[in-house]
Amino acid sequence: MRAFRQLFLAELRIFVRDKLTLFLAFLFPVMFILVFGFVMGGRGGAAWSANLGAVVAAGPDSKALNDVLSSTTSIRVSRFRDQASLEVVLAKRGVDLGLVWNGTTLLFLYDPSRVQENYAFEQVASGISTDFTLRRQGLAPLFSVEKVHVGKKAATNWFNVVVPGILAFTILSAGLFSVSGHLTAMKERKILDRLAVTPMPPTALLAAVVCVRLLSVYVGTLVTLFLSVAVFKLSFDINWPRYTIFVAASTVGMMGFGTLITLVVRRPSSAGNLSTILMLVMMFLSGVYFPIELLPSVLRAVSRVFPLTYMTEGMRYVTGVADMSALRFWVVTATFVAMAVVLFPLLARYVVSADRH
Amino acid sequence: MRGVLWIARAHIMTALREKGTLFWFIIFPVFLLVLLALMFGRIGNVGEMNFDLGLVNLDTASSTATVDFAAIVERAFEELGKRPALLKEPLFTLHRPSSGDDAEAFLKGEENMLRLGRRAAVVVIPKGFSEQVRAHAMPSSFSGSTATPASPAGETILVYYTKGSDASELASSIVEQVLARVNQEVLAQAGLFRSQETVPVETRFIGGKEIRYVDFLLPGVILMGFFTNGLFGVPGAILFSRDRRILKSYWVTPLSVGRYLAGFSLGHLALCLLQFILLALLGRFAFGARVSFAQPIPVLYLLLGALTFMAFGFLIAAVVRTANAGMALANLLNLPMMFLSGLFFQVGGLPSFLKVVVYANPVSYLAEGLRTSLGIGTGQFSETLTFAVPLAWIAVCVLIASRRLSWDVVR
């Protein structure tokens, strides 16, 4: 226990002094939150809150069109005098899509560089043209459609749903890089050789490194949460006991996953590169930012084997922005713990004990 | 000149032999291009998306009526639940109660599935729907009269969705469009809607042409490759050579710092050219990119990009003492510069303090200048500015590097 305490304090000092690790643990997620929060402005950038620039020529049908525009709830309308001024603002992203009615033809204008969002804007345009066609003929829809939100109250903001995903990504990044990378670097610098001739048990070192990183990840997620609440006025309904358990379980699970990488790729730089690729793939394919449903079926299948998919799901659940069955939550949590239990002894054996020979 | 070429060759060979450099140089940008093109290249295409949709018809009593409107709505979704072609995906995977199931109980289950994220949306056709539609809208249009529904219908189809979930919001938006088309179809069947009077709709992309995602992505990935190359490759090569005393061994030969620098820069530019060729070929032949870089202005931007990021690398090498510190600084700069530049997504809505970073960031100007010169969208900066700002950065970096970069020369 004494060895563990000493090693824990030593590791804590090393962690605090290492500026790059500190950056990755605390500033990296904060930067993600800031950039995504401000860039996306709390919306998915998609059509359900699209800014539409409209030029409507006066004429017999202009009232019908204006009625359609004012009754379409998924758009905010800005008026323009002519098409040229609308195009200038559209090019500068002052509006998301443009509409020009010259009395005979309905023209929709899009910014070609918004390739990821134009599909959603086309849905809005289709709705407007259908409704206008009916009203122009003096008809009204035979039935109306009402959208009803089902789910957690905290989930009503796109950014609220994204933040737990960013927290999950932070845990993944810290878990993958931290323990295995740190121990491999110690091994490369022959520090483990020196520790091996002392009575220090390898498990005490492993436990000290894990505890320090676990603490840093937990504090890091709290800092990120606090920032998102303070700056972006987001609200979460956090179940603290489950939050703590899930952060701890997923962190140790990812540390175990990092161990697997270390065992496959022994050099820290190569392990770092492999982790970077894995993190990038997982970030895009695990539903953190982009809905999995929009991906091709092959990539959707791939996303189901990534731990980040389940970490994102779990973090959304414990922060109160999404539902999850209790059974599923505990199975996912137990799986992460099992990953750590199975893989940590391998790390102790291959990375620490191996140097005793 | 021979010395310069020798150093250039040595730099290229070292980079290509070094796994780490090769990773950032070739593997990472290629991987990013493949991943993003696969993900977003076909977004919105028929047969590429699939949403789990609950469809619950509570209006089963109307199945014996003259016109079963609820069944018409169901059929519209059934059509979208079929595969459009072999190896293509249906837009919706429908979840409906089996015959004999209690529809109300099934609906509760579907609501729960929506809450758990297993459904993108649930469409509910209420009890008495057909009767209400018939009674409200056209009391006799389906039996010979020509009454016209001019006021909104009293009957409502409910679409349950999860606000804030991208998939659910998009799915519910598509459902709304499907139902709007059903409205039109039914009105046309009743002889009320004159399809020949449908409003003509045109679609136009500003700048005159639609851009395919891979054409938008490719210039960004190429610049990102140059960027990581300059940011990590240049200080890495110089500082590791200095730390390992390789530079010192050069200075015992007749090689001057100036000639070493010329050779190093030449080698770096050759590596950028190699990277560009590889990515451009991959983009064209694997993903069908049509964007043409073989024009004077895009070539100028590419050259300017390679030079700017190389100068940045020299700046990093100049302000740190060790290779490890250099890599740490490069890591610190990498993400903010890449994200706050519009390289992969737009940065229009930033607050002033972050806009300062965007406006000071040379990547912003190079990304926009290159894309605009290739005809991919229009930019917010003038062409002069897209050249002037990176050039100013080169001047500042070279000035600082020339004063502070230690070449470890002890002659």
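Residues numbered from 1 in each chain as written. Chains lettered and ligands numbered in written order. Predicted model: local features only at pLDDT ≥ 70, side-chain atom pairs only at ≥ 80, totals over all residues.

1. With respect to the overall build of chain A
Inference 1: Helix and strand counts for chain A stand at 13 helices and 5 strands.
Inference 2: Taking the intrachain contacts of chain A between residues at least 6 apart in sequence as the baseline, contacts between residues at least 24 apart amount to 80%. (Helix = DSSP H or I, 4+ residues; strand = E, 2+ residues; numbered from the N terminus. Contact = placed C-beta atoms within 7 Å.)

2. Structural notes on the overall build of chain B
Inference 1: Of regular secondary structure, chain B possesses 14 helices and 5 strands.
Inference 2: Burial analysis of chain B (411 residues in total) assigns 44% to the buried set.
Inference 3: Long-range contacts, defined as pairs at least 24 residues apart, comprise 77% of the intrachain contacts of chain B with a sequence gap of at least 6. (Buried ≥ 20, exposed ≤ 12 C-beta atoms within 10 Å, placed from the backbone.)

3. Some thoughts on the nonpolar core
Inference 1: Formed by 123 residues in total, the largest nonpolar core has its most connected members in L97, A168, I171 and L172 of chain A together with A121, V123 and A171 of chain B.
Inference 2: Here this core gets 17 residues from one element, more than from any other, and that element is helix α6 (residues 158–188) of chain A.
Inference 3: Ignoring any residue separated from it by four or fewer positions in sequence, one finds A168 of chain A in contact with V288, L308, M311, T312 and M315 of chain A.
Inference 4: Listed in part, the 66 residues of the second largest apolar core include F28, A289, A330 and I376 of chain B. (Core = buried A, V, L, I, M, F, W, Y, C linked by C-beta atoms within 7 Å.)

4. Describing the sheet that holds strand β1 (residues 50–56) of chain A
Inference 1: With respect to topology, 5 strands assemble into an open sheet ordered β2(A)-β1(A)-β3(A)-β4(A)-β5(B), the strand pairing being mixed. Every other strand in the sheet has two partners, leaving β2 (75–79) of chain A together with β5 (201–205) of chain B as the edge strands with one partner each. On average, each strand axis in the sheet is tilted by 25° relative to the strand beside it, whichever way the strands run.
Inference 2: As judged from the 5 bridges shared by strand β3 (residues 97–101) of chain A and strand β4 (residues 106–110) of chain A, these two strands associate in the antiparallel manner. Its bridge partner lying in β4 of chain A, L99 of chain A is registered against F108 of chain A.
Inference 3: With respect to the sheet, helix α5 (residues 118–136) of chain A is in contact with β1, β2, β3 and β4 of chain A together with β5 of chain B, its orientation differing from that of β4 of chain A by roughly 170°. (Pairing = 2+ DSSP bridges. Axes fitted to C-alpha atoms, helices over the stretch in contact; angles between N-to-C directions.)

5. A closer look at the domain arrangement of chain B
Inference 1: For chain B, the assigned domains read domain 1 (2–41 + 212–404) and domain 2 (51–197).
Inference 2: Look at where the C-alpha atoms of domain 1 of chain B and domain 2 of chain B centre, and you get two points 53 Å apart. (Domains from an automatic or database assignment.)

6. Focus on helix α11 (residues 323–339) of chain B
Residues and elements named next belong to chain B.
Inference 1: Between its first and last C-alpha atoms α11 spans 25 Å; for 17 residues at 1.5 Å apiece the expected length is 24 Å, and the two agree.
Inference 2: The axis of α11 is deflected most strongly, by about 25°, at L333, and proline P336 appears within four residues downstream.
Inference 3: All of the buried residues in α11 are G326, M327, A330, M337 and F339. (Expected span 1.5 Å × (residues − 1). Bend = angle between axes of the 7 residues up to and from the residue.)

7. Some thoughts on the sheet that holds strand β1 (residues 51–57) of chain B
Inference 1: Here we have 5 strands laid out as an open sheet, ordered β5(A)-β4(B)-β3(B)-β1(B)-β2(B), and mixed in their pairing. Edge strands, defined here as strands with exactly one partner in the open sheet, are β5 (144–149) of chain A together with β2 (92–95) of chain B. Going across the sheet, the axis of each strand differs from the next one's by a mean of 25°, ignoring polarity.
Inference 2: The sheet contact formed by strand β3 (residues 121–125) of chain B and strand β4 (residues 156–161) of chain B spans 3 bridges and is antiparallel. Its bridge partner lying in β4 of chain B, V122 of chain B is registered against Y160 of chain B.
Inference 3: Contacts from helix α4 (residues 103–115) of chain B reach β1, β2, β3 and β4 of chain B within the one sheet, and its direction differs from that of β1 of chain B by about 155°.
Inference 4: Sheet strands touched by helix α6 (residues 166–189) of chain B: β5 of chain A together with β1, β3 and β4 of chain B. Its angle to β4 of chain B, the strand with the most contacts, is close to 160°.

8. A word on the environment of L218 of chain B
All names here are of chain B.
Inference 1: Of note, L218 is situated in helix α7 (residues 213–243).
Inference 2: Overall, L218 belongs to the buried group, with 27 C-beta atoms counted inside 10 Å.
Inference 3: Distance in space between the C-alpha atoms of L218 and A180 is 38 Å, their sequence separation being 38 residues.

9. Details of helix α1 (residues 2–17) of chain B
All names here are of chain B.
Inference 1: Helix length check: α1, at 16 residues, gives a terminal C-alpha distance of 22 Å against a target of 22 Å (1.5 Å per residue), a fit within 8%.
Inference 2: Every buried residue of α1 is accounted for by I7, A8, H11 and A15. Viewed end-on, α1 has its buried residues packed into an arc of 100°, placing them on one side of the element. Seen from the buried face of α1, the exposed residues on the opposite side, beyond 90 degrees, are R2, M13 and R17.
Inference 3: The inward-facing, buried residues of α1 contact α2 (19–40), α7 and α9 (257–287). (Arc of directions from axis to C-beta.)

10. Topic: the pairing of β1 of chain A
All names here are of chain A.
Inference 1: Of all the 7 residues making up β1, 6 are buried; the element is thus mostly covered by neighbouring parts of the structure.
Inference 2: Here 5 bridges tie β1 to β2, and the two strands are oriented parallel to one another. For N51, the partnering residue across the bridge sits in β2 and is R76.
Inference 3: In the sheet, β1 pairs with β3 via 5 bridges, with the strands oriented parallel. From the neighbouring strand, V56 faces β3, where its bridge partner is W101.

11. Quick notes on the confidence of the model for chain B
Residue and element names in this part refer to chain B.
Inference 1: On average, residues of chain B score 83 in pLDDT, and 89% of them are at 70 or above.
Inference 2: Counted against residues more than four places away or in other chains, residues 140–147, with its pLDDT under 50, gives 13 contacts.
Inference 3: This complex was scored by the predictor with a pTM of 0.78 and an ipTM of 0.75. (pLDDT = per-residue confidence, 0-100.)

12. Thoughts on the environment of P390 of chain B
Residues and elements named next belong to chain B.
Inference 1: Looking at the secondary structure, you find P390 in helix α14 (residues 383–404).
Inference 2: Look at P390 and you get buried, because 24 C-beta atoms sit within 10 Å.
Inference 3: In this structure, the C-alpha to C-alpha distance between P390 and L335, residues 55 residues apart in sequence, is 19 Å.
Inference 4: Those residues in contact with P390 that sit more than four places away from it in its chain are L304, T308, P362, Y365 and L366.

13. Observations regarding the packing of α2 of chain B against α7 of chain B
Residue and element names in this part refer to chain B.
Inference 1: Contact pair α2 / α7: the axes reach a minimum separation of 9 Å and the direction vectors enclose 160°. Taken as axis vectors, α2 and α7 run roughly antiparallel relative to one another. In the crossing of α2 with α7, the sense of the turn from one axis to the other is right-handed. Taking contact as the criterion, the partners of T21, W24, F25, F28, P29, L32, L33, L36, A37 and F40 in α2 are, on α7, Y213, V214, L217, L218, V221, M224, G225, T228, N229, F232 and G233.
Inference 2: Here the residues of the contact of α2 with α7 are counted per class, giving 16 nonpolar, 5 polar and no charged. (Parallel < 35°, antiparallel > 145°, perpendicular 65-115°, else oblique. Left-handed = near helix turned anticlockwise from the far one by under 90°. Nonpolar A, V, L, I, M, F, W, Y, C, P; charged D, E, K, R; others polar.)

14. A closer look at the packing of helix α10 (residues 296–319) of chain B against α14 of chain B
All names here are of chain B.
Inference 1: At a minimum axis separation of 8 Å, α10 and α14 run at an interaxial angle of 30°. Compared by their axis directions, α10 and α14 come out roughly parallel. Of the two possible hands of crossing, α10 and α14 adopt the one that is left-handed. Across from L304, L307, T308, A311, F312, F314, L315, A318 and V319 in α10, the residues of α14 making contact are F387, P390, W393, I394, C397, V398, I400, A401 and R404.
Inference 2: For the contact of α10 with α14, the per-class residue count stands at 16 nonpolar, 1 polar and 1 charged.

15. Brief notes about the environment of F121 of chain A
All names here are of chain A.
Inference 1: With respect to the helices, strands and loops of the structure, F121 is situated in helix α5.
Inference 2: Judged by local crowding, F121 falls into the buried class, with 22 C-beta atoms found within 10 Å.
Inference 3: C-alpha separation for the pair F121 and G94, spaced 27 residues apart in sequence, amounts to 15 Å.

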